[in-house]
Amino acid sequence: MLQVISLLVENKPGALMRVTGVLSARGYNIESLTVARTLDPGLSRMTIVVDVDPSLRRQVIKQMNKLVNVLQVSDLSESPAVAREMVLLRVRTNLDNRTAILKEAEIFSARVVDSSVEGFALEATGAPEKLDEFIDVMRSYGEIEVTRSGMVAVSLESKKLRLAPPILAGAESSRIDSRNGVFNG
Amino acid sequence: MSSNLMSGARMLLECLTREGVECLFGYPGGVTLPFYDALYEHPIRHVLVRHEENAVFAASGYAMSTGKVGVCCATSGPGATNLVTGLVNAMMDSTPVVALTGQVSTKLIGSDAFQEADTFGITRSCTKHNYLVMSVADLPRVIHEAFHLAKSGRPGPVLVDIPKDVFAAQTHYTPVGSIHLPGYKIYTEGHTGQIRRAAQMMWESSRPMVYAGGGIVAAEASGELRELVETLDAPAVCTLMALGAMPSSHRNFISMPGMHGSYAANMAMTGCDLLIALGTRFDDRVTGRLAAFAPHARIIHLDIDPSEIGKNRNADLPIVGDAKRVLSKLNKVLAELQPSLAQQNSDARRAWWKQIRDWQDQNPLQPVISASEIKPQHLMLEIDRISNGEAIVCSDVGQHQMWAAQFIRFNRPRHWVCSGGLGSMGFGVPSAMGAAFANPDKLIFAICGDGGFQMSIPELATIANHGLPVKIIVMNNGHLGMVRQWQDLFYNNRLSAVQLDTFPDAQKLASAYGIKGRTVESPIELAPALQQAVDEPGPYLLNVKVSPFENVYPMVPAGAAINEMVLGPPQPVAVPK
């Protein structure tokens, strides 16, 4: 079963590699992955869809939480969340089918982003399963070319973001002293 | 704060000084030239090793024997890739190490330049965290972050990759005041409610058992551990990484558990009704077949790393926190509850101790001693006698490591240094070098097999060069003994590629490096030869020829439960005529 993991990460070189490394080191294949900046340009939001053995999911999430560049990891697989994906699709068609395609596009709330004698380019968003259907329908009209964005998701529960505070630099921050400032969870 | 113009290399040295670094182990190269030039007139001591892998092993020995951060440096490309084994080793054993590597100039990165390797990519999975410093302005902050990450929380290796032009760039240096790693959260204190529940579970238990791991050593919590064990009067085992966390002579200490652990330790782990796991990770060498491990026990698991909780064995009561802090709180609660709760199971506790003493008596760890040949266990007993719990013993990996762990006793932590999780041969000699630089007044043994020693021979030069008082004891059985043991027991004794037929003449080898050395073969020579090695000022190479086909027992075969030990070699059976 596919799982959805949402992460808030520092927008730094290598951060993506560290996160995906937790999965690839265990031989898990990533189904989809999206990353983009948040309101804070120093942070990125990452949504990963992956097929992880459910018994190992908690472990994988803990490992991701351990990464220095990762601020927060949320498991959206079993918590209330809204997930959406976007598809850009080009369908080649003859003149006879053009009206039918536009009707179908309307049913799926897809928008026409390009129209030419060869056919249309369409844009649709929605739940991934709905997009699967949309693609199937379009395929019945002719040759298609598809680009999917991968899933983005937002949790419907608010989760408090806990961050470590700054600490002194240098040997003054001895092993234990350096932890005085660290919050107790 | 003053601000002055200096190179990145100089700035790096300033930061190392602020971190209290006294010595670093390294090997120079093309791209680290600016760094070595700055080092030329700097008080930080640089130890030139003979291979980069040994630089990181030496830094690990330094770190494990002191608790301070060990520092090593290497050049780009092959220098950096040679560090990889040692970084994985430090990762597995949670050793605080900072590795500094040179990189080709920023403009050349990605062009397949001479001695270029993607060090940042290669070491991503073998470090706690790593950095590629693309601007000299970032360098001081990164260095302080690296040290903080290496030593805090669950310690580990951190690598900083520094391009040549960043070393060379001149800029105004302002000391970094504070660093901020918002995603690096360490939970140190432990949940108060969980601590109280843990104390209750401890008093309610009839057959408690303390299972202490390397986290106790890392947190400097051996005093707190001892108080816990004594208050509760529970039997305690220390894992390979924790030997010395309890004094070996302590009456509650029942040795090491696991694949080559003591009979009593493994039986007690199997029979207990409460397993108090402290700073340990339920490693497969300890648990044997996981499904049959501690089958009757509820588990209290204390660790600073949340990802260890429930990784291998589900914890009935997890506590995330620093072992020292949590145990000192726990000890207070235990003492508070003692008057009301301690008596309830006193009969059961007495029976539990009787059972443990019986196990100890039935199958004690018994050294084999022969008059005709030196048995490996005999060698370890002699080292134990001469060390008297006080020497720092750095071990390589293999049979000798297990015998050393079984028979050498330690009075305090940080006196036993070995490669545990990774099991990396070639660790013994360089880690002893690191320990020797950190502990100039200590007696230091490097115990190796003839296999591992031959991986470390180049470092005899470093040892000779600095006159390090490292006593290298080669337990020479002419084989890669642990692999031979498995071939013997599980592959019909078809000995494939395990004979080490050629070994250099130890005396000649040592004298070629200008140090003393000899070979002993006869049991009566052993004690005097060891005494001579210890009495000799400076380094000594003692090659001890031991019986070639001795196996380490007890042994838990792969896939067996830890109470299914093989206690010794198959005994000859009398065949009726």
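Description of the structure in this document. (Residues numbered from 1 in each chain as written. Chains lettered and ligands numbered in written order. Predicted model: local features only at pLDDT ≥ 70, side-chain atom pairs only at ≥ 80, totals over all residues. Heavy atoms only, no water.)

## Side note on the sheet that holds strand 15 (residues 392-395) of chain B
All names here are of chain B.
Right, so step 1: Spatial strand order, 16-15-17-18-20-19: six strands in an open sheet with parallel pairing. Edge positions in the sheet fall to strand 16 (416-417) and strand 19 (516-520), since each of these pairs with one other strand and no more.
Right, so step 2: By the bridge criterion, two bridges tie strand 15 to strand 16 in an arrangement that is parallel. Across the sheet, the residue bridging to Cys394 is Val417, located in strand 16. (Pairing = 2+ DSSP bridges. Helix = DSSP H or I, 4+ residues; strand = E, 2+ residues; numbered from the N terminus.)

## Details of the environment of B:Gln360
All names here are of chain B.
Right, so step 1: Relative to the helices and strands, Gln360 resides in helix 15 (residues 346-362).
Right, so step 2: Once the C-alpha coordinates of Gln360 and Tyr263 are considered, the two residues, 97 residues apart in sequence, prove to be 7.1 Å apart.
Right, so step 3: Residues in contact with Gln360, not counting those within four places in the same chain, are Phe253, Ile254 and Ala264.
Right, so step 4: Only 2.7 Å separates the side chain of Gln360 from the side chain of Arg357, close enough to count as a polar contact. (Contact = heavy atoms within 4.5 Å. Polar contact = N/O pair within 3.5 Å; in protein donor to acceptor, adjacent residues only side chain to side chain.)

## Regarding the environment of B:Thr239
Residue and element names in this part refer to chain B.
Right, so step 1: With respect to the secondary-structure elements, Thr239 resides in the loop between strand 11 (236-238) and helix 12 (263-271).
Right, so step 2: For Thr239, a relative accessible area of 6% gives the class buried.
Right, so step 3: Considering only alpha carbons, one finds Thr239 and Ala405, 166 residues apart in sequence, at a separation of 9.5 Å.
Right, so step 4: Those residues within four positions of Thr239 in sequence are excluded, and the remaining contacts are Tyr211, Ala212, Gly213, Gly214, Met256, Pro257, Thr280 and Val286. (Buried < 20%, exposed > 50% of the residue type's maximum accessible area, 1.4 Å probe, protein only.)

## Quick notes on the pattern of salt bridges
Right, so step 1: Inspection of every chain in the model, using the stated rule, returns 38 salt bridges over all chains.
Right, so step 2: Measuring nitrogen to oxygen at the nearest pair gives 2.6 Å for the salt bridge that ties A:Asp132 to A:Arg148. Residue A:Asp132 is located in helix 4 (residues 128-139), and its partner A:Arg148 is located in strand 8 (residues 144-148); the two are separated by 16 residues in the primary sequence.
Right, so step 3: A relative accessible area of 35% means that A:Asp132 is categorised as partly exposed.
Right, so step 4: With relative accessibility at 33%, the residue A:Arg148 sits in the partly exposed group.
Right, so step 5: The partner of B:Arg350 in a salt bridge is B:Asp347, with the nearest N and O atoms 2.8 Å apart. Of the two residues, B:Arg350 and B:Asp347 both sit in helix 15, three residues apart, roughly one turn of that helix.
Right, so step 6: Put simply, A:Lys66, B:Arg154, B:Asp305, B:Glu308 and B:Lys311 are held in one network by salt bridges that share partners. (Salt bridge = Lys/Arg side-chain N within 4 Å of Asp/Glu carboxyl O.)

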